[in-house]
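Overview (structure and organization)
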Amino acid sequence: VAARAVAHAASAVSPDRRFMYTFGGVPSGFGLRKDQTPKTVCALDEYRPAFFMWRTLDEQCANGPVGGRAGAVMVALDGGDELLVHGGESASGVPDAESGVVVRTFHTTVHVFTVSTRAWRALPSLDTTETRRAHHVGVLWRGADGATPTLVVYGGLTESTKALSSVALYSLRTQTWAVVGATAVRQRHASGGALLGDELYVFGGFSSLLTTWNELYRFNLRTREFEPAASLDTDVSGGDRRNYRADNHLHAIDATTPYVLVASGVEDENFRAGPAHTVALFDAARRTWNESVPFEAELGGGGGGDGFTMPPFAAQGYVLAQGHHKVVVAGGYASYADYTRTDGPTRTTNATLTLTLDRDCTFIDNCAGHGTCASAATCACLDGWAAPQCATFECSAATGTVCGGHGRCANNEVDCVCNAGYAAPDCRDFDCAARANCNAHGTCVGPNECKCDKDWTGEQCERRRALVVDQTVTFALAR
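Residues numbered from 1 in each chain as written. Predicted model: local features only at pLDDT ≥ 70, side-chain atom pairs only at ≥ 80, totals over all residues. Heavy atoms only, no water.

The tally for this structure, following the rule as stated, stands at nine aromatic pairs. Judged by centre distance (5.0 Å) and plane angle (55 degrees), the rings of Tyr170 and Trp177 are tilted. Each member of the pair Tyr170 and Trp177 is classed as buried. Between Tyr217 and Phe226, the ring centres sit 6.1 Å apart and the planes meet at 90 degrees, which makes this aromatic pair edge-to-face. This pair shows no difference in class: Tyr217 is buried, exactly as Phe226 is. Put simply, the rings of Tyr154, Tyr217, Phe219 and Phe226 pair up and form one aromatic cluster. (Phe/Tyr/Trp six-rings, centres within 6.5 Å; stacked < 30°, edge-to-face > 60°. Buried < 20%, exposed > 50% of the residue type's maximum accessible area, 1.4 Å probe, protein only.)

Structure (structure tokens):
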């Protein structure tokens, strides 16, 4: 079964990453840009990446978002059986009898869909201009106490086509909104958003005038403050406008790995440069970019619809879901020309593409030198080194000889105290600190044992060898 051929749908991934869900969207023949006819559908579908299989869960929206939605946000709640949908816009595709214009209605409603019963229920909503938005960022935060599920939304577009810069938080426990007023960050919609710990990362997006941005910001949910996560003058391409993106996707690799993935997007302002076909990676710990991450693409879960296929990131308005080292791309416009088309009906695709990333463990720092890359984003760590990055060592976790046989566990069985001549953290490497590390003129080849370079000698390689002159040559020259 193929994906539904829609663009601008919402997507979410189950907590165990076994399922991907899509909701709403714009069907073939319609669009949301100026001079396109808007129409939205109500459809909630489920995809199982392991089997390349789609199935429809609901097409009626009884007690749910009537008329469907485009540009909504959807998150999977803890437990995996409930999906929360917020905001978005709806349109019938039929012009108003008086104005001749198709009305686009923007929403602030919050609905929950229960997968096991396939039923919708509405939650209380705050109906204000600041929360009636579409094409915004939405993530699920577990609150400052780690136990209060909270929907966090940022930016988006209003009915007046004004981009927003405000943040709003919806507590599922109290079912109330808290709105953080306009921030110092420029207004934007169609940004990418991802949550790392207590920080919301936001990248790119459109302004109200369809200018694209290359800025990466992070919003601290505890202090309620934005700050630049990377220099405003530096982007994934080193400063040119090639990577000023909107309609892009931003995903955290996982809850413990400090990387944010940027995929696809519309490059440059006012659609001049076309679609972005790259995946970029931001290291949140080092604040550095990897501007071009390699990936392998596999078409699965249905064809291209009406003979269309979807090359990697060629179509815009699709959904993208992150599953550790795999990314699923589904739906969207059949081509970039359809995304921007104003001279006729648009075409959407039902293709599903799976991108496998990080075949060489680049995301996880090449296993930190303490393991080997066993498969995509998966390290086989040396004994005692912890997955997934092999970056931390705990001697109590070692299954073999404790501390390499050259030390003992200490500090609550976490650290090794090494014997003289062996180096922390796992006491497997030789150490020559007592020999001044061979004074940089030799190699440590044993416990406090230096092998000196050619012209150096001494226990610490601290003395330069005397210059020996050939006496025969000297005497001959003297005569």
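Attention now moves to the sheet that holds strand 3 (residues 20–23). Ordered by their spatial adjacency, four strands build an open sheet running 2-3-5-6, and the pairing between neighbours is antiparallel. The open sheet terminates on both sides in strands that have one partner only, identified here as strand 2 (10–13) and strand 6 (53–58). Neighbour-to-neighbour, the strand axes of the sheet open up by a mean angle of 25 degrees, direction not taken into account. Two elements, strand 5 (residues 44–48) and strand 6, share five bridges in a ladder whose sense is antiparallel. Along strand 6, the bridge assignment pairs Leu44 with Asp58. (Pairing = 2+ DSSP bridges. Helix = DSSP H or I, 4+ residues; strand = E, 2+ residues; numbered from the N terminus. Axes fitted to C-alpha atoms, helices over the stretch in contact; angles between N-to-C directions.)

What follows deals with the state of the cysteines. Within the structure shown, the criterion is met by eight disulfides. Between the sulfur atoms of Cys432 and its disulfide partner Cys444 the distance amounts to 2.1 Å. Of note, the bridge from Cys432 to Cys444 carries an S-S torsion of about 85 degrees and is right-handed in sense. Within this pair, whereas Cys432 is found in the loop between strand 37 (429–430) and strand 38 (442–446), its partner Cys444 is found in strand 38, the two being separated by 12 residues in sequence. Judged by its relative accessible area of 26%, Cys444 falls in the partly exposed class. (Disulfide = S-S within 2.5 Å.)

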